[in-house]
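Analysis of the macromolecular model
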Amino acid sequence: MLKTITVETLAAKVGLTTNEIVTMANGAPRMYRTWQKPKKNGKGMRTIEAPNPVLKRVQRRLLDIILAKLSTHPMLFGGKRSSPINAVSRHVRKPLVVTMDISDFFPSVTC
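The sections below set out a description of the structure shown in this document. Owing to the predicted nature of the structure, the values given are computational and were not obtained by experimental measurement.

**A word on the overall build of the chain**
- Along the chain, the regular secondary structure elements total four helices and two strands.
- In the chain, the succession of helices and strands from N to C terminus is α-α-β-β-α-α.
- Counting all 111 residues of the chain, 11% fall into the buried class.
- Summing over all exposed atoms, the chain offers an accessible surface of approximately 10000 Å²; the carbon and sulfur share of this is 60%.

Structure (structure tokens):
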């Protein structure tokens, strides 16, 4: 069951005022620093979009206080103690495997 959370409750949980949450949400595009970094394989550049320190602290609080406590489907992998081998192992010898493109999810991912 999905529980609704108000802006006021969210602000209280992360230690900010409602006004601060609204201001951050409205200014989110300006709260990231973007730069280019050479790829490890030496072929091309990787775009890095890093949040400023204030936004990063709020994101970390959201992760620790709210998101880390949510349950996920056992077929989802990622984060600590995860590996590509674990992710792939459940798909071996299955009649159908679906893959999805995340190019619209991250601006730096292109087709």
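**Side note on the packing of helix α1 (residues 7-14) against helix α2 (residues 18-26)**
- Between α1 and α2, the least distance of the axes is 8 Å, while the angle of their chain directions is 100 degrees. Judged on the interaxial angle alone, α2 and α1 are roughly perpendicular. On α2, the residues touching Val 7, Glu 8, Leu 10, Ala 11 and Val 14 of α1 are Thr 18, Ile 21 and Val 22.

**Details of the packing of α1 against helix α3 (residues 53-65)**
- Following both chains from N to C, one finds α1 and α3 inclined at 100 degrees, their axes separated by 9 Å at the closest point. When the axes of α1 and α3 are compared, the pair comes out roughly perpendicular. Residues Leu 10, Lys 13 and Val 14 of α1 pack against Arg 61, Leu 62 and Ile 65 of α3.
- Among the residues making up the contact of α1 with α3, the classes are represented as four nonpolar, no polar and two charged.

**Structural notes on the nonpolar core**
- Ala 11, Val 14, Leu 16, Ile 21, Met 24, Met 31, Leu 55 and Val 58 form the largest nonpolar core, which has eight residues in total.
- Mapped onto this core, the elements with two or more residues apiece are α1, α2 and α3.
- Every residue in contact with Met 24, bar those within four places of it in the chain, is listed here: Leu 16, Met 31, Val 54, Leu 55 and Val 58.

**As for the pattern of salt bridges**
- This model, assessed by the stated rule, comprises one salt bridge.
- Close ionic contact of Arg 60 with Asp 64 constitutes a salt bridge, the shortest N to O distance being 3.6 Å. Taken together, the positions of Arg 60 and Asp 64, both in helix α3 and four residues apart, correspond to about one turn of that helix.
- Given the relative accessible area of 48%, Arg 60 is considered partly exposed.
- On the basis of relative accessible area, Asp 64 is assigned to the partly exposed category, the value being 42%.

**Details of the pairing of strand β1 (residues 32-38)**
- The pairing of β1 with strand β2 (residues 45-51) spans seven bridges and is classified as antiparallel. Its bridge partner being in β2, Thr 34 is matched across the sheet by Glu 49.
- Here β1 folds back onto β2, and the loop between the two strands holds six residues, one of which, Gly 42, carries a positive phi near 80 degrees.

**Details of the environment of Ala 11**
- Within the secondary structure, Ala 11 is located in helix α1.
- The exposure class of Ala 11 is buried, given its relative accessible area of 1%.

Definitions and limits used
Residues numbered from 1 in each chain as written. Predicted model: local features only at pLDDT ≥ 70, side-chain atom pairs only at ≥ 80, totals over all residues. Heavy atoms only, no water. Helix = DSSP H or I, 4+ residues; strand = E, 2+ residues; numbered from the N terminus. Buried < 20%, exposed > 50% of the residue type's maximum accessible area, 1.4 Å probe, protein only. Areas by Shrake-Rupley, 256 points an atom, 1.4 Å probe, with all protein chains shown as cover. Axes fitted to C-alpha atoms, helices over the stretch in contact; angles between N-to-C directions. Parallel < 35°, antiparallel > 145°, perpendicular 65-115°, else oblique. Contact = heavy atoms within 4.5 Å. Nonpolar A, V, L, I, M, F, W, Y, C, P; charged D, E, K, R; others polar. Core = buried A, V, L, I, M, F, W, Y, C linked by side-chain atoms within 4.5 Å. Salt bridge = Lys/Arg side-chain N within 4 Å of Asp/Glu carboxyl O. Pairing = 2+ DSSP bridges.

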